[in-house]
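# Working through the structure, step by step
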Amino acid sequence: MVNKVEKLKINYKTLEEFKKFKEYGHQELSMLEDLEANIVENDSDSPFYGIYFGDKLVARMSLYQVKKQFDRYFEPPQDYLELWKLEVLPNYQGKGYGKALVEFAKSFGLPIKTNPRVKSQDFWDKMGFTPVHYDVERDRGENPLVWYPAGVTEQVQ
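Description of the structure in this document. All of these numbers come straight from a predicted model, not from anything done at the bench.

Before going further, it helps to spend a moment on the pattern of salt bridges. Evaluated as defined, the whole model comprises 4 salt bridges. Salt-bridge contacts for K106 lead to E103; the nearest nitrogen and oxygen are separated by 3.9 Å. Taken together, the positions of K106 and E103, both in helix α3 (residues 97-106) and 3 residues apart, correspond to about one turn of that helix. Ionic contacts of the salt-bridge type, sharing partners, join the residues E82, K113 and E142 into one network.

Another aspect to go through is the pairing of strand β5 (residues 80-88). Across the 9 residues that make up β5, a large majority, 8, are buried. Direction of pairing for strand β3 (residues 56-66) relative to β5: antiparallel, over a ladder of 7 bridges. Directly across from Y64, in β5, lies its bridge partner E82. Where β5 lies against strand β6 (residues 112-114), 3 bridges are found, and the strand directions are parallel. In the sheet register, E82 faces β6, and the bridge partner there is K113. Note on the crossover from β5 through α3 to β6: the handedness is right-handed.

What counts and how
- Residues numbered from 1 in each chain as written.
- Predicted model: local features only at pLDDT ≥ 70, side-chain atom pairs only at ≥ 80, totals over all residues.
- Heavy atoms only, no water.
- Salt bridge = Lys/Arg side-chain N within 4 Å of Asp/Glu carboxyl O.
- Helix = DSSP H or I, 4+ residues; strand = E, 2+ residues; numbered from the N terminus.
- Buried < 20%, exposed > 50% of the residue type's maximum accessible area, 1.4 Å probe, protein only.
- Pairing = 2+ DSSP bridges.
- Right-handed = clockwise from strand over helix to strand, strands pointing away.

Everything listed here is a matter of coordinates, which is why it stays silent on function.
Take a look at the structure:
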């Protein structure tokens, strides 16, 4: 089965699709507030990506590019991706949708940082993500995981 990742347009149809995730997901994973704050009819320049099963959005994530001058994670310092709010609807979990979204993010060839949700460590391990050495000032209570493309290592603080 091919899981085609699509850039989601910021429009009211997408907003309705996201409401389905909020019913199932955790409050902190909801992208509704992000979407409402950024809504412009049919704006295709959005950070949101998803996978449809038929006409139903079953998996989504947001992907933001962070500029090199703000990089405090990777050596050499460079632009990197921040993967947020990866979520697959419960009835579609374990079918490769989450993996397809992460592989899509990796296809950009940039390092990736994410903050995993509770009980998701096994998934991120399988996807090749590793924890960074915790830095109180930088990480502020988060426990980031990172993925390094070839030639990139952890930045030493």
